[in-house]
Amino acid sequence: MTVTDSERAEILAQALPYIKRYAGKTVVVKYGGAALVNESARAVVAQDLALMSCVGIRTVLVHGGGPEIDATLRRLGKEPEFVGGLRYTDEETMDVVEMVLAGKVNKDLVAVIGRQGGKAVGLCGADGCLLPAHRLEKGPDLGLVGEIEGVNREILDLALGAGFIPVVATVAMGTGDDERLYNVNADTAAAEIAVALGAEKFILLTDVPGILRDPSDEGTLIQELRHGEVASLVESGVVTKGMIPKVRCCVRAVEGGVKRAHIIDGRSPHSLLLEVFSDRGIGTMIV
Ligand code: ADP
Ligand code: MG
């Protein structure tokens, strides 16, 4: 496809109202482990984040890393354990979560954003006591999984104020006498951060085009949902597995004051850019 000079100029000019709308506002992006493993897609996401930050959007990236955690566990001779589709985090697994998530995955993302011309800084829930938590008590026993008690946004504000993109690994820290670190679902943590920062938008990048009525058919994308409609999709079994925390955290974000939550395809080139800088609604929007 060739683009003429006038088309190129037109496309650039069309971004102006979106830049004006979002400059100075906060956008929280969650990048899922499933989409993260694709290296070429990752560089494009990093480029989009760098661009957002360069035009003055306070951009925060929260990431997962399930597949890399599984691969490292297996390299160490340990089979990942799941309870009803959710990871069981024993002490050994927690060590790996800390090393892989707050180490390898976090630093790789910071570096790739830097290579794309952005300024990023890697954080986890222990930095500046960002994510205080206690052991999750409800539901099945998942081991060292935490429930976030709040968000101490000071370290995020410092980084954002200096023009950095905070890149957050969702390892949370125990409070008071509890000296443990906890594994927390990255979708859930990202939503809490979006609410705490009063984000304008909350965007989840994953490995599907959005919420599908029939997960085996990409033609069944649900483009828009009101947050009150979400519970029935879980009850009816349309939304399962890793999509459950995603839809729930979108509801949490919207109820917490975030204007719009989006679930979009992190594998599709520049999906983030299209979502933020154009009126081409992509993926699923939850309002
Ligand atoms: P991430 O690493 O981005 O958090 P997850 O694997 O946790 O990704 O969650 C996304 C997955 O949710 C999809 O790959 C898909 O298998 C699953 N899923 C379950 N129900 C649906 C649905 N109704 N529409 C789309 N995906 C769904
Ligand atoms: Mg997930």
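What counts and how
- Each chain carries its own residue numbering, running from 1 in the written order of its sequence.
- Here the convention is simple: chains get letters from A, ligands get numbers from 1, in the order in which they are written.
- Residue-level local features of this predicted model are given only where pLDDT is at least 70; pairs of side-chain atoms are given and counted only at 80 or more, and the full residue set underlies all totals for whole chains, interfaces and linings.
- Working from all heavy atoms in the structure, the side-chain values ignore hydrogens and water.
- Under the scheme used here, helices are H or I runs from DSSP no shorter than 4 residues and strands are E runs no shorter than 2 residues, and both carry numbers assigned from the N terminus.
- Here the term buried applies to any residue with accessible area under 20% of the maximum for its type, exposed to any over 50%, and partly exposed to those in between, with areas from a 1.4 Å probe on protein chains only.
- When checking whether two residues touch, look at their non-hydrogen atoms; a contact exists if any pair is within 4.5 Å.
- Note on areas: Shrake-Rupley, 1.4 Å probe, and residue coverage restricted to the protein chains presented here.
- By the counting scheme adopted, Arg and Lys are positive, Glu and Asp are negative, and His together with the chain ends is not counted.
- Positions of charges follow a simple convention, taking NZ of Lys, CZ of Arg, CG of Asp or CD of Glu.
- For this purpose, a residue is taken to be near a molecule or strand whenever a single non-hydrogen atom of the residue falls within 4 Å of it.
- Distance and chemistry together define a polar contact, namely a pair of N or O atoms within 3.5 Å, with one atom able to donate a hydrogen and the other to accept it when in protein, and with adjacent residues in sequence counting only for side-chain atoms on both sides.
- As a working rule, the residues Ala, Val, Leu, Ile, Met, Phe, Trp, Tyr, Cys and Pro are called nonpolar, Asp, Glu, Lys and Arg charged, and the rest polar, with Gly in that last group.
- Lines fitted to C-alpha atoms define the axes, with helix axes restricted to the stretch in contact, and inter-axis angles between N-to-C directions lie between 0 and 180 degrees.
- By definition, any crossing whose near helix is turned counterclockwise from its far helix by less than a right angle is left-handed, and any crossing with a clockwise turn is right-handed.
- Throughout this description, the term nonpolar core refers to a set of buried Ala, Val, Leu, Ile, Met, Phe, Trp, Tyr and Cys residues connected via side-chain atoms within 4.5 Å.
- For two strands to count as paired, DSSP must find a minimum of two bridges between them.
- Put simply, a salt bridge is a Lys or Arg side-chain nitrogen that is within 4 Å of an Asp or Glu carboxyl oxygen.

**Q** What is the right way to look at the overall build of the protein chain in this model?
**A** A count of helices and strands for the protein chain gives 11 helices and 14 strands. Judged by the C-alpha coordinates and their principal axes, the protein chain covers about 60 × 45 × 35 Å. Every one of the 287 residues in the protein chain was classed for burial, and the buried ones make up 48%. Counted over contacts in the protein chain with a minimum sequence separation of 6, partners at least 24 positions apart contribute 72%. Surface accessibility of the protein chain: about 13,500 Å² in total, with carbon and sulfur atoms responsible for 52%. Averaging the coordinates of the 30 positive side-chain charges in the protein chain and doing the same for the 39 negative ones gives two points 5 Å apart.

**Q** In this structure, what is going on with the site of ligand 1? I would like to understand it.
**A** By nearness alone, 19 residues border ligand 1, and Thr206, Asp207, Leu212, Val238 and Lys246 come closest of all. Glycine 33 places a polar main-chain atom, nitrogen or oxygen, 3.1 Å from an oxygen atom of ligand 1. At a separation of 2.8 Å, a nitrogen atom of ligand 1 approaches a polar backbone atom of leucine 212. Across the complex, the protein chains shield 81% of the 570 Å² of accessible surface that ligand 1 would expose by itself. Each residue belonging to the shell around ligand 1 can be placed in one class, and the counts come to nine nonpolar, six polar and four charged.

**Q** Explanation requested: the packing of helix H4 (residues 39-54) against helix H6 (residues 91-115) in the structure shown.
**A** Helix-helix packing: each pair is described by the crossing angle between the helix axes and the interaxial distance. At their nearest, the axes of H4 and H6 sit 8 Å apart, and the two run at 65° to each other. Seen from above, H4 lies across H6 with right-handed handedness. On H6, the residues touching Arg42, Ala43, Ala46 and Leu49 of H4 are Asp108, Leu109, Val112 and Ile113. Looking at the contact of H4 with H6 residue by residue, the class counts come to six nonpolar, no polar and two charged.

**Q** Explain the nonpolar core to me, please; I cannot follow it from the model alone.
**A** Inside soluble globular proteins, nonpolar side chains tend to come together where they are buried. Ranked by size, the top nonpolar core spans 84 residues in total, and within it Ile193, Phe202 and Ile211 carry the most contacts. The element best represented in this core is H6, accounting for 11 residues. Beyond its immediate stretch of four places on either side in the chain, isoleucine 193 contacts Val28, Val60, Val62, Leu131, Val151, Leu156 and Val168.

**Q** Please explain the sheet that holds strand S7 (residues 146-148) as it appears in this structure.
**A** Strand pairing in a sheet takes place through backbone hydrogen bonds and is either antiparallel or parallel in direction. Reading across from one edge, S7-S6-S9-S10 is the order of the four strands in this open sheet, with mixed pairing throughout. Every other strand in the sheet has two partners, leaving S7 and strand S10 (181-183) as the edge strands with one partner each. Neighbour-to-neighbour, the strand axes of this sheet turn through a mean angle of 50°, independent of strand direction. Here strand S6 (residues 132-135) pairs with S7 via three bridges, running antiparallel. Looking at the pairing, alanine 133 lines up with isoleucine 148 of S7.

**Q** Honestly, unusual backbone geometry in this entry has me stumped. Any pointers?
**A** Excluding glycine, residues mostly have negative phi values, and the peptide bonds linking residues are mostly trans. Of note in the backbone geometry, lysine 241 takes a positive phi value of approximately 40° without being a glycine. Here lysine 241 is to be found in the loop between helix H9 (230-235) and helix H10 (243-255). In the Ramachandran plot, histidine 270 falls in the positive-phi region, its phi being about 60° despite a non-glycine side chain. Relative to the helices and strands, histidine 270 is located in the loop between strand S13 (260-265) and helix H11 (271-277). Residue class for histidine 270 comes out partly exposed when judged on its relative accessible area of 28%.

**Q** Please explain the pattern of salt bridges as it appears in this structure.
**A** Pairs may arise between side chains of opposite charge once their charged atoms sit close together. The final tally for this structure, using the stated rule, is 17 salt bridges. Residue arginine 267 is joined to glutamate 218 by a salt bridge in which the shortest nitrogen-to-oxygen separation is 3.8 Å. Separated by 49 residues along the polypeptide, arginine 267 in the loop between S13 and H11 and glutamate 218 in the loop between strand S11 (201-206) and strand S12 (224-225) bring together distant segments of the chain. Ionic contacts of the salt-bridge type, sharing partners, join the residues Lys30, Asp187 and Lys246 into one network.

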